[in-house]
Protein chains: 4
Amino acid sequence: MNKTRLEAFSDGVLAIIITIMVLELKVPEGENFNDLLSLLPVFVSYILSFIYVGIYWNNHHHLLHSATRVNGKILWANLHLLFWLSLIPASTAWMGEHDFAKATVTVYGVVLFMSAIAFTILQTTIICIDGGKSFLAEAIGKDVKGKISQVLYLTAIIVSFFNQWISLAIYLIVALMWLVPDSRIEKKILESK
Amino acid sequence: MNKTRLEAFSDGVLAIIITIMVLELKVPEGENFNDLLSLLPVFVSYILSFIYVGIYWNNHHHLLHSATRVNGKILWANLHLLFWLSLIPASTAWMGEHDFAKATVTVYGVVLFMSAIAFTILQTTIICIDGGKSFLAEAIGKDVKGKISQVLYLTAIIVSFFNQWISLAIYLIVALMWLVPDSRIEKKILESK
Amino acid sequence: MNKTRLEAFSDGVLAIIITIMVLELKVPEGENFNDLLSLLPVFVSYILSFIYVGIYWNNHHHLLHSATRVNGKILWANLHLLFWLSLIPASTAWMGEHDFAKATVTVYGVVLFMSAIAFTILQTTIICIDGGKSFLAEAIGKDVKGKISQVLYLTAIIVSFFNQWISLAIYLIVALMWLVPDSRIEKKILESK
Amino acid sequence: MNKTRLEAFSDGVLAIIITIMVLELKVPEGENFNDLLSLLPVFVSYILSFIYVGIYWNNHHHLLHSATRVNGKILWANLHLLFWLSLIPASTAWMGEHDFAKATVTVYGVVLFMSAIAFTILQTTIICIDGGKSFLAEAIGKDVKGKISQVLYLTAIIVSFFNQWISLAIYLIVALMWLVPDSRIEKKILESK
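All of the points below concern the structure found in this document.

Thresholds, definitions, all that
- Note that residues are indexed from 1 along each chain, following the sequence as it is written.
- As they are written, the chains are lettered A onward and the ligands numbered 1 onward, keeping that order.
- Restriction of local features to residues with pLDDT of at least 70 applies here, the model being predicted, together with a cutoff of 80 or more for giving and counting side-chain atom pairs; totals for whole chains, interfaces and linings are based on all residues.
- As a convention, hydrogens and water are excluded, and side-chain values are obtained from all of the structure's heavy atoms.
- In DSSP terms, a helix is any run of H or I states spanning at least four residues, a strand is any run of E spanning at least two, and both are numbered starting from the N terminus.
- Each residue is placed in one exposure class: buried if its accessible area under a 1.4 Å probe, protein chains only, is under 20% of its type's maximum, exposed if it is over 50%, and partly exposed if it falls in between.
- Any two residues having at least one pair of non-hydrogen atoms within 4.5 Å are treated as being in contact.
- All accessibility values rest on the Shrake-Rupley procedure with a 1.4 Å probe; residue burial counts only the protein chains present in the view.
- Each patch is assembled from residues with relative accessible area greater than 30% and no salt bridge, linking like charges that lie within 9 Å and nonpolar side chains (Val, Leu, Ile, Met, Phe, Trp, Tyr) that lie within 5 Å.
- A side-chain nitrogen of Lys or Arg and a carboxyl oxygen of Asp or Glu constitute a salt bridge if their distance falls within 4 Å.
- The copies are overlaid by a least-squares fit using only the C-alpha atoms of residues whose pLDDT is at least 70 in both copies.
- Buried surface area refers to the total accessible area, computed with a probe of radius 1.4 Å, that the two partners give up upon joining, counted for both partners together.
- Here a polar contact is recorded for every N or O atom pair within 3.5 Å, except that within protein the pair must consist of a potential hydrogen donor and a potential acceptor, and residues adjacent in sequence are included only if both atoms are side-chain atoms.
- Each residue gets one of three labels, nonpolar for Ala, Val, Leu, Ile, Met, Phe, Trp, Tyr, Cys and Pro, charged for Asp, Glu, Lys and Arg, and polar for the others, Gly among them.
- Note on geometry: axes are C-alpha line fits, over the in-contact stretch for helices, and angles between N-to-C directions span 0 to 180 degrees.
- Left-handed is the label given to a crossing in which the near helix is rotated counterclockwise from the far helix by less than a right angle, and right-handed is the label when the rotation is clockwise.
- Ring pairs shown here join Phe, Tyr and Trp side chains whose ring centres sit within 6.5 Å, with only the six-membered ring taken for Trp; geometry is labelled stacked below 30 degrees between planes, edge-to-face above 60, and tilted in between.
- Each ring is checked for a lysine NZ or an arginine CZ that lies within 6 Å of its centre and within 35 degrees of its normal; such an atom marks a charge sitting over the ring.

## Notes on the overall build of chain A
Helices and strands together make up the secondary structure of chain A, namely 10 helices and 0 strands. Taken from N to C terminus, the helices and strands of chain A fall in the order α-α-α-α-α-α-α-α-α-α. Across the 193 residues of chain A, 59% fall into the buried class. For chain A, contacts bridging at least 24 residues in sequence account for 82% of all contacts bridging at least 6. Accessible surface, chain A as shown: approximately 7,600 Å² in total, 68% of it carbon and sulfur.

## What about a nonpolar patch on the surface?
A contiguous nonpolar patch, built from Phe-33 of chain A together with Ile-158, Phe-161 and Phe-162 of chain D and spanning about 460 Å² of accessible area, is present on the exposed surface. Along the chain, Phe-162 of chain D falls in the loop between helix H8 (144–159) and helix H9 (164–178).

## With respect to the relation of the copies chain B and chain A
In the superposition of chain B on chain A (RMSD 0.0 Å, axial shift 0.0 Å), the rotation amounts to 90°. In short, the pair behaves as if placed about a four-fold rotation axis. Considering only C-alpha atoms, the part of chain B nearest the rotation axis is Gly-12 of chain B, at 4.3 Å. Comparing contact sets, just 6% of the residues at the interface of chain B also lie at the interface in chain A, consistent with a heterologous contact between different surfaces.

## Looking at the interface of chain A and chain D
Residue-level contacts link 36 residues of chain A with 31 residues of chain D. Between chain A and chain D, a total of about 2,900 Å² is buried, with carbon and sulfur atoms accounting for 76% of that surface. Viewed at the interface, chain D and chain A are joined by 5 residue pairs in polar contact (both at pLDDT 80 or more). Those elements that place two or more of their residues in the side of chain A that touches chain D are helix H1 (3–23), helix H2 (33–37) and helix H3 (40–66) of chain A. If one sorts the elements of the side of chain A that touches chain D by residue count, H3 of chain A sits on top with 14 residues. Partitioned by chemical class, the residues of the side of chain A that touches chain D number 21 nonpolar, 10 polar and 5 charged.

## Some details on the relation of the copies chain A and chain D
It takes a turn of 90° to lay chain A on chain D, together with a shift of 0.0 Å along the axis; the resulting RMSD is 0.0 Å. A share of only 6% of the interface residues of chain A reappears at the interface of chain D, consistent with the copies meeting through non-equivalent patches.

## Points about unusual backbone geometry
Keep in mind that most residues, glycine aside, have a negative phi and that most peptide bonds are trans. Even without a glycine there, the phi angle at Phe-100 of chain A is positive, about 60°. By relative accessible area, Phe-100 of chain A is classed as buried at 9%. You will see that Asp-99 of chain B, though not glycine, has its phi angle at about 50°, which is positive. With respect to the helices and strands, Asp-99 of chain B occurs in the loop between helix H5 (88–97) and helix H6 (102–130).

## Some remarks on the packing of helix H1 (residues 3–20) of chain B against helix H1 (residues 3–23) of chain C
The contact between H1 of chain B and H1 of chain C brings their axes to 9 Å, and the two run at 40°. Where H1 of chain B crosses over H1 of chain C, the handedness of that crossing is right-handed. Counted together, Arg-5, Ala-8, Phe-9, Gly-12, Val-13, Ile-16, Ile-17 and Ile-20 of chain B of H1 of chain B and Glu-7, Ser-10, Asp-11, Leu-14, Ala-15, Ile-16, Ile-18, Thr-19 and Leu-23 of chain C of H1 of chain C form the full contact between these two elements. Class assignment for the residues of the contact of H1 of chain B with H1 of chain C results in 11 nonpolar, 3 polar and 3 charged.

## So, the packing of aromatic side chains
Scanning the model with the defined rule gives 44 aromatic pairs over all chains in all. With 6.3 Å between their ring centres and 45° between their planes, Phe-83 of chain C and Phe-43 of chain D make a pair best called tilted. Of the two residues, Phe-83 of chain C is situated in helix H4 (residues 72–86) and Phe-43 of chain D in helix H3 (residues 40–66); the pairing between them involves two chains. Residue classification places Phe-83 of chain C among the buried positions, given a relative accessible area of 9%. Here Lys-145 of chain A stacks its cationic end above the ring of Trp-178 of chain A, 4.6 Å away from the centre of that ring.

In structure tokens, the structure reads:
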């Protein structure tokens, strides 16, 4: 089966997800700088989501790069990941348009959490096919970074019922934690050369 | 002629179709969890259509993979398929926004049925070029799965005039039936190795 | 320079153009079959434009396939073509939403005419680089089909001031004329084998 | 790492950016030629932005073509560039819908300026990896053209507080200055053959 086409399709979907979020940056009605101010929450959530989709694209890039084969299960695990990522624009918009109201921050966190779970499922599916001693399995190891992220998302979701600003700070911390591409795989590639 | 470009273009269109359906997930006006409830029918139809477009992408992937040559007829049969698939977002939205009203479920079924017909035409066109004893022809065989789907769609369309929920159940059953990528072609690929 | 990337970018733009036209198929407010009727002019113009973009994608495919090199001039001639094609969705929507009013049909024709001119410019630019005795130059010959189309577009534009239905018929005739992929290039490819 | 996928993703994002600007060409309410007049400022800003995105696609094409390796830093420098370019449609729309009001022209200039800075960062990142004597480093030289553009953007931003038409003229001049693909790299490629 054809890994290239899987990558191309995923790139297409991710490129569109990252770009349709721009459509939420609705043109302000006034023509002065002040009118831009009302866009600020929308803009801040756009930046946060842009970084997140960028992170997923980066890690997806590394993940598939290290996959040796593609089968039906991987195709569906990949579509499952794209499904949750496709909900990022709508949840970003909801959060931005209501000035980070509590419920919107909770829902945003749920989408991030489910995306993280879907990424883990995709990762596990790829490792299953290549076997436990595969390149990817060794590079990922116990996937501490992935597990920490998921715990942090869960924490942020619970916290959002009381104080959404702490939750937003947690989302930002997780994003910064992943800003560097998955160096475990990169290191592994270098070692293997 | 160039199969890669045909795949790339189809991937592009399918990626966009799957993603613009998200645009229908309009941001709720309120900022509470309750406000999400009104999105439920839209969300459920989004999931159903997401699965359908995913299935088509998967099977399209397999179909073109097994094609050995591409000519003008295949290009147009492919565009014809993309045309019907491109109507999925609008019919999904219509269905979702009117809480699965009868007529909307009928129209959704017609779009699914025509997409299935278009897929069969593309399949037949590819087999025609490669000859009746081609790899694809043997893998597909009598295409029982395809024919059953079309009969089920027709049934669902008729039933939708009386009870749309049964029709929706049928659409779901067909989707589940196809959730696994076309194992006939996959098996054939394995056998041929 | 890299022909693949030029094709990929063009495919992306064309895939998006063909798909955003769907966004104009706005969900009818009612939930009955009758409510679909009001969509009819929009739907008919969608089909016409879908065919046109399909034709351009097909011919663009053939044209670039026969190009041996890509330089800065070709990049810009290609962008110029994409510019005019990018106006098709808006002019289609204008035409569809005003039930083929005269002025809308004229503007639609102007966009088609300019796209045809842009295609000729791209074609000429590619031939210039490869030389007058190139593969493409011989395949195109005097480009009678291209010239006839342009004359027909001009005729339709003028006629649209008096009777837009004749103009629409002409647009349809030109479309049918091109529905087959450019067999001149295809023949040439076969001969050269 | 995989340069192809970086190019594919960037092409996808750029193709979508260039195309969603079309969505701003909202269908006029009337059906006469006069009704098109109100679209004129939107249309003019569409053309300007189309040229700019085209220029960035062209130069991005050349830049990555000359990169020998891709690492995590380049991925993020590239996403940073795409971020600023993704703001072009919204700022174009704001400018077009308010008939080039002063503040809108300023903001448009800021987006162009930041995009230029992001491009320089990407360029520098690529040169860093390949070393100061790399192919790209020599082709770019002191990057006079890039520096002049940035000075001109800054000038235009300041001028826009007093007279936005001069700023627009400057944006146009910079665009024309870049309309030819980066001949420094092209020349270098020819020399090296």
